[in-house]
Amino acid sequence: MIQRFNARSIGHLILASVVAASTLGAGQASAAEAKRPNILFIFSDDHAYQAIGAYNDPRRLVETPQIDRIGREGMRFDRCIVPNSICGPSRASVLTGKYSHRNGFYNNSNSRFDGAQPTFPKMLRAAGYQTALIGKWHLVSDPSGFDEWQILPGQGVYYNPPMIHNGERVKHEGYTTDLITDFSLEWLKKRDKSRPFLLMAQHKAPHREWSPPARHLGHDGDRVYPEPETLFDDYSGRGKAEHDQDMTIAATMTPHDLKLTPPQGLTPDQLAAWNAYYEPRNAAFKKANPQGKDLVRWKYNRYMHDYLGCVKAVDDSVGRLLKYLDDEGLADNTIVVYTSDQGFYLGEHGWFDKRWIFEESLRSPLLVRWPGVTKPGTSSPRLVSNIDFAETFLEAAGLPIPEDMQGRSLVPLLKGQEPADWRKSFYYEYYEYPQPHHVRPHHGVVTDRHKLVRFTGDVDYWELFDLKTDPHELRNVLDDPANAKVVAELKAELARLRSDLKVPDEPPPEASGRNTRPAAKKAAR
Ligand code: CA
């Protein structure tokens with residue numbers, strides 16, 4: 001039923017869509033035509049699965065009833081992994097269904113998204129969908145393929161954000177997560193109700209520097225958070241890359257990250273609420289003057305308070321969007337997706353940030369509700385990825401899938417099927433180095449049980465991790481003679497994946513982001 005073809009023109013797309021529909025049974029075809037599903041894609045930034053109730057992290061960090069609802073009424077994916085664990089590259093992979101080395105967006109430093117390339121929103125739009133993108137974009141070039149877009153410039157800010165609305169600069173007052181939801185709802189209300197829609201509601205939160213809204217500043221009652229088992233990881237037995245990174249809670253977090261200095265750009269009312277919460281707690285911290293591990297623990301708790309306060313606002317926003325679908329009778333014919341552009345460290349290995357092939361950054365949350373198709377309350381352990389999203393949405397809309405996309409539609413899994421030939425391994429690549437967090441380039445292969453990774457750049461070494469015996473990835477077992485066969489098999493699998501995915505032997509010089517964008521261009525966006 002699903003055809004793969006070269007998407008050379010929009011005309012071909014529509015023609016091929018008709019051909020695809022004609023291969024369905026007559027009853028199915030008319031049903032598919034009559035009820036093409038709406039797609040609500042809710043995308044957060046750096047939202048760790050550990051900070052979503054539905055993922056049952058043992059620390060029970062936060063309750064997220066609205067996000068959990070999507071999983072309770074749909075499917076929770078337990079191993080959704082990303083091809084390159086940072087913001088811009090992940091977003092480019094979502095749009096194109098391709099790896100960084102195929103869509104050209106390698107890093108957040110000097111990559112610029114080529115908006116002329118095919119993307120799934122363009123294909124949906126050409127097939128009659130209304131399309132909108134509201135919130136964080138972070139791909140430098142202007143969005144293309146959307147009837148309406150309103151984006152944060154660059155990373156965006158948490159309070160009173162400037163935004164760019166269909167090319168016009170605008171400035172808003174309020175909390176950015178709430179505003180993105182306001183604008184998403186406004187667009188839904190004014191849309192053409194005779195046609196299906198794609199809405200991509202994309203939050204800045206809970207990205208660094210984790211500024212909660214005033215209403216959630218006291219959300220945790222000064223809770224002392226359980227620590228991850230690896231908060232004081234010393235990286236022993238692992239290589240230079242792990243020792244040399246610059247992303248620890250202990251050493252890398254700034255006074256600004258830790259809310260020891262006041263933020264910029266708040267209104268007097270916002271600043272008063274902010275200071276009422278932070279000033280007495282900062283004074284108590286300075287008086288206690290903790291040192292060593294106690295200081296790390298204080299930073300970890302402040303980080304958790306702030307990060308999780310941002311998560312609570314995202315959860316509120318998800319609730320508002322779900323309520324709109326309920327109130328308007330749209331829930332039954334709308335696919336709702338909640339996911340994040342990658343995972344994130346909440347103190348594991350002593351870290352914040354992302355980038356690594358290791359589990360907390362590799363894995364993103366993925367919850368999908370599709371009434372009538374996906375059985376409520378189900379979960380899938382299969383290896384899936386954000387490069388699968390484009391193909392999933394195209395198939396859901398009854399459209400053909402371009403043959404050069406590199407993922408695989410999740411529709412069979414969402415229908416409860418278990419395809420025997422589902423992927424057993426996944427290729428990972430990371431390029432951005434040395435800035436901003438000094439994580440060396442690496443690539444590797446991921447399976448249900450193992451990771452084989454090669455660190456490159458100014459180093460060249462391999463590591464093997466066995467998730468079954470070492471779920472926290474603390475022991476490199478590459479040189480254990482018992483693993484010789486596994487290493488040989490995984491090296492062969494890595495070579496096969498690199499060949500299939502057309503990975504160049506050497507990345508292009510710009511992939512590391514070392515030659516950053518000219519300052520003028522950066523300032524303009
Ligand atoms: Ca991100």
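Located above this text is the structure these notes cover.
For every chain, the first residue of the written sequence is number 1, and numbering continues from 1 along that sequence. With the structure being a predicted model, the display of local features is reserved for residues of pLDDT at least 70 and the display and counting of side-chain atom pairs for 80 or more, all residues being used for whole-chain, interface and lining totals. To get the side-chain values, all heavy atoms of the structure are used, and hydrogens and water are removed first.

Peer 1: Which parts of the structure should I look at to understand the nonpolar core?
Peer 2: Nonpolar side chains in soluble globular proteins generally cluster together in the buried interior. Residues belong to a common nonpolar core when they are buried Ala, Val, Leu, Ile, Met, Phe, Trp, Tyr or Cys residues joined through side-chain atoms within 4.5 Å. Exposure categories follow from relative accessible area, calculated using a 1.4 Å probe and restricted to protein chains: below 20% of the type maximum is buried, above 50% is exposed, and the middle band is partly exposed. Grouped together as the largest cluster of nonpolar side chains are 65 residues, with contacts concentrated most on Y303, Y307, Y338 and L346. Segments assigned H or I by DSSP are reported as helices when at least four residues long, segments assigned E as strands when at least two residues long, and all are numbered from the N terminus. Of all the elements in the fold, those that place two or more residues in this core are strand 2 (38–44), helix 3 (65–72), strand 4 (130–136), helix 7 (176–190), strand 8 (197–202), helix 9 (268–288), helix 10 (292–327) and strand 9 (334–340). Sort the elements by how many residues they give to this core and helix 10 lands first, with 16 residues.

Peer 1: Quick question: what am I supposed to make of unusual backbone geometry here?
Peer 2: Glycine aside, residues mostly have negative phi, and peptide bonds are mostly found in the trans state. Of note, the amide linkage connecting A205 to P206 takes the cis form, showing an omega dihedral of -5°. Tracing the backbone through its elements, the reader meets P206 in the loop between strand 8 and helix 8 (240–244). In this structure, P436 follows Q435 across a cis peptide bond, with omega equal to 5°. Considering the arrangement of structural elements, one finds P436 in the loop between strand 14 (425–430) and strand 15 (442–447). We note that H138 has phi near 65°; this positive angle belongs to a residue other than glycine. As for its position among the elements, H138 is in the loop between strand 4 and strand 5 (148–152). The exposure class assigned to H138 is buried, which follows from its relative accessible area of 13%. With a phi angle near 50°, N160 is a residue other than glycine that sits in the positive phi range.

Peer 1: How should I be thinking about the coordination of the calcium ion in this particular structure?
Peer 2: Four donors placed tetrahedrally around a metal ideally meet at 109.5 degrees, and six donors placed octahedrally ideally meet at 90 or 180 degrees. Metal donors: N, O and S atoms at distances within 2.8 Å, or within 3.2 Å for Na, K and Ca, with water omitted from the atom set so that some sites may seem incomplete. Every protein donor of the calcium ion is listed here as D45 (OD), D46 (OD), C87 (SG), D341 (OD), D341 (OD) and Q342 (OE1), and their distances to the metal cover 2.2 to 2.6 Å. In this scheme the shape depends on donor count and angles: four donors with every angle between 85 and 135 degrees give tetrahedral, four or six donors with opposite pairs above 155 degrees and others between 65 and 115 give square planar or octahedral in turn, and any other case is irregular. For the calcium ion, the six donor atoms in the first shell make angles of 53 to 162° at the metal, a pattern classed as irregular. Of note, the donors binding the calcium ion are all from one chain and are spaced D-D-x40-C-x253-D-Q. Of the two residues, D46 sits in the loop between strand 2 and helix 3 while D341 sits in the loop between strand 9 and helix 11 (359–362), which places them 295 residues apart along the sequence. In this pair, the class of D46 matches that of D341, namely buried.

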